[in-house]
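A structural walkthrough
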Amino acid sequence: MLFRSAACVVLGIAVDDSIHYITRFNVRAKERADVRRGTIDALADVGPSITAAALSEFLAFAVGATTDIPALEQFCIVAAVAASRGQWYRYPMTLRLIS
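Notes on the structure follow. These numbers come from a predicted model, not from an experiment.

Moving on: unusual backbone geometry. You will see that Ala33, though not glycine, has its phi angle at about 60°, which is positive. Relative to the assigned elements, Ala33 resides in the loop between α1 (2–32) and α2 (35–64). Overall, Ala33 belongs to the exposed group, its relative accessible area being 74%.

On the surface, a nonpolar cluster with roughly 280 Å² of combined accessible area is contributed by Leu11, Val15 and Ile19. Here Val15 shows up in helix α1. Taking the relative accessible area as the measure of exposure, Val15 reaches 43% and is therefore partly exposed.

Taken as a whole and assessed by the stated rule, the structure comprises five salt bridges. The closest approach of N and O atoms between Arg24 and Asp45, which form a salt bridge, is 3.7 Å. Taken as a pair, Arg24 in helix α1 and Asp45 in helix α2 lie far apart in primary sequence, 21 residues in all. A residue is classified by how much of its surface remains accessible, and Arg24, at 33% relative accessible area, is partly exposed. We classify Asp45 as partly exposed; its relative accessible area is 32%. The network of salt bridges with common partners includes Arg24, Arg28, Glu31 and Asp45.

Counted according to the given criterion, the structure contains two aromatic pairs. Geometrically, the ring pair formed by Tyr21 and Phe25 is stacked, given 6.2 Å between the ring centres and 20° between the ring planes. Taken together, the positions of Tyr21 and Phe25, both in helix α1 and four residues apart, correspond to about one turn of that helix. According to the relative accessible area criterion, Tyr21 is buried, its value standing at 18%. Taken together, a centroid distance of 6.2 Å and an interplanar angle of 80° make the contact between Phe61 and Phe75 edge-to-face. Note that Phe61 is positioned in helix α2 and Phe75 in helix α3 (residues 70–98), a separation of 14 residues in sequence.

Following the sequence through the fold, Val63 ends up in helix α2. Residue Val63 is classed as exposed on the basis of its relative accessible area of 58%. Separated by 14 residues in the primary sequence, Val63 and Ile77 place their C-alpha atoms 9.3 Å from one another.

Definitions and limits used
- Residues numbered from 1 in each chain as written.
- Predicted model: local features only at pLDDT ≥ 70, side-chain atom pairs only at ≥ 80, totals over all residues.
- Heavy atoms only, no water.
- Helix = DSSP H or I, 4+ residues; strand = E, 2+ residues; numbered from the N terminus.
- Buried < 20%, exposed > 50% of the residue type's maximum accessible area, 1.4 Å probe, protein only.
- Patch = residues over 30% accessible without salt bridge, like charges linked within 9 Å, V, L, I, M, F, W, Y side chains within 5 Å.
- Areas by Shrake-Rupley, 256 points an atom, 1.4 Å probe, with all protein chains shown as cover.
- Salt bridge = Lys/Arg side-chain N within 4 Å of Asp/Glu carboxyl O.
- Phe/Tyr/Trp six-rings, centres within 6.5 Å; stacked < 30°, edge-to-face > 60°.

Shape is all these values report; function is a separate question.
In structure tokens form, the structure reads like this:
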């Protein structure tokens with residue numbers, strides 16, 4: 001049950017980041033009339049803020065993992081690992097899709 005709860009939280013964060021990216025991508029792709037260039041521009045626009053948000057989420061969950069409540073500690077550990085893994089996979093996979 002704990003892992004399913006953490007998965008829902010991390011998935012919600014990923015969806016939020018995706019909405020920001022896709023919105024910017026749609027604007028940039030229409031401006032440039034080029035999907036590849038739109039992808040690169042969208043990553044340049046929202047990449048830093050998404051990276052900062054992911055770092056903040058990881059740090060928040062890492063701090064939460066220091067609690068004395070066992071269930072909350074485990075939840076925060078799982079969420080911190082999932083948030084950091086998502087960040088490590090996000091950009092290489094996106095760049096692979098446009099190459």
